[in-house]
Amino acid sequence: SDLDLATRRLLEELCALLGKDQLGLRQLDLLLYRVDGTLQRLAAGTSRASREPAHLFRLFAEKLETVDPGFGIEVMLLEATATDPLPARQLGLSEDGTADAALAELIDRLQNRLGARQVVRLAPFDSHVPERAVTLLPGLAPLDRDGWTAEQPRPVRLLPFPEPIEVIAPVPDDPPQSFRWRRVAHRVVKADGPERIAPEWWRADTNARTRDYYHLEDEAGRRFWVYRDGLYAAEATPRWYLHGLFA
């Protein structure tokens, strides 16, 4: 309880000083000097600038429980190791503007518990190849203004790696009539395609080949996203893969 009280007071004083300069905290260190001369350091960070003592204290609350005071703590120091401009702003009469702040506080708590790089968001990436069409950004990073494109439907679940399947297809460009995936046979009752995706020629991956994607539905109503890797030719038979699952 003494550590909690001292930390709250330090945060209130530091936030008041930063408020005069219109700054907000991004990284801060709490230094605890014990009477035996040893030092314990607790660090916390925020996804965006903040000078709310109550929120910042919650970032330290769990870490304070791990402190070993030994024979006693003689001095506690709080350092602002990184700051960003944070001017005062007028809040609206409605509570709509509090949603972003609540999300930022939640992400801060998750990042301080799980790690700074463990809370991310998905964002579109300019590529037609499905596994390259998405990238990871920090939790509160702004998204591309254009957002996701909906020119072609995509499965809700993309497998980490395309998995090989055994396929029966009557004609090279026809969709499969049946396929076997993970030792289970599926008879196709509905199919749509192909959607042809060519390899990105400017990349160093020279082994990539043209893919023809198909939307398949089996007798049980399960929907799959499969593709033929390469084109039919006399000297080689292309392979088939399952890449994703629809809802």
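Residues numbered from 1 in each chain as written. Predicted model: local features only at pLDDT ≥ 70, side-chain atom pairs only at ≥ 80, totals over all residues. Heavy atoms only, no water.

So, the packing of aromatic side chains
And then number 1: For the structure shown, the criterion picks out seven aromatic pairs.
And then number 2: Ring geometry for Tyr-213 and Tyr-227: centres 4.8 Å apart, planes at 40°, overall tilted. Of this pair, Tyr-213 sits in strand E9 (residues 211–218) while Tyr-227 sits in strand E10 (residues 223–229); the two residues are 14 residues apart in sequence, bridging distant segments of the chain.
And then number 3: The class for Tyr-213 is buried, based on a relative accessible area of 0%.
And then number 4: Taken together, the ring pairs connect Tyr-213, Trp-225, Tyr-227 and Tyr-241 into an aromatic cluster.
And then number 5: Above the plane of the ring of Phe-57 lies Arg-8, whose end atom (NZ or CZ) is 3.8 Å from the centre. (Phe/Tyr/Trp six-rings, centres within 6.5 Å; stacked < 30°, edge-to-face > 60°. Helix = DSSP H or I, 4+ residues; strand = E, 2+ residues; numbered from the N terminus. Buried < 20%, exposed > 50% of the residue type's maximum accessible area, 1.4 Å probe, protein only. Lys NZ or Arg CZ within 6 Å of the ring centre and 35° of its normal.)

Here we look at the sheet that holds strand E7 (residues 178–181)
The strands making up a sheet are joined through hydrogen bonds of the backbone, oriented either antiparallel or parallel.
And then number 1: Within the closed barrel, the six strands sit side by side as E6-E7-E8-E9-E10-E11. Their pairing is antiparallel. Taking each pair of neighbouring strands and ignoring which way they run, the sheet shows an average axis angle of 45°.
And then number 2: Where E7 meets strand E8 (residues 184–197), four bridges bridge the pair, whose relative direction is antiparallel. Residue pairing in the sheet places Trp-181 in a bridge with Val-184 of E8. (Pairing = 2+ DSSP bridges. Axes fitted to C-alpha atoms, helices over the stretch in contact; angles between N-to-C directions.)

Topic: the environment of Glu-52
And then number 1: Within the secondary structure layout, Glu-52 lies in the loop between strand E2 (39–50) and helix H2 (53–64).
And then number 2: Spatially, the C-alpha atoms of Glu-52 and Leu-25 are 9.1 Å apart, while their sequence positions differ by 27 residues.

Observations regarding H2
And then number 1: Between its first and last C-alpha, H2 extends 15 Å over 12 residues, near the 16 Å set by a 1.5 Å rise per residue.
And then number 2: The complete set of buried residues in H2 reads His-55, Leu-56, Phe-57, Leu-59, Phe-60 and Leu-64. (Expected span 1.5 Å × (residues − 1).)

Focus on the packing of helix H1 (residues 2–20) against H2
And then number 1: Look at H1 against H2: their axes get within 10 Å of each other, and the N-to-C directions meet at 145°. Relative to H2, the crossing made by H1 is right-handed. Taking contact as the criterion, the partners of Leu-3, Asp-4, Thr-7, Arg-8, Leu-11, Glu-12 and Cys-15 in H1 are, on H2, Pro-53, Leu-56, Phe-57, Phe-60 and Leu-64.
And then number 2: Considered class by class, the residues forming the contact of H1 with H2 number eight nonpolar, one polar and three charged. (Left-handed = near helix turned anticlockwise from the far one by under 90°. Contact = heavy atoms within 4.5 Å. Nonpolar A, V, L, I, M, F, W, Y, C, P; charged D, E, K, R; others polar.)

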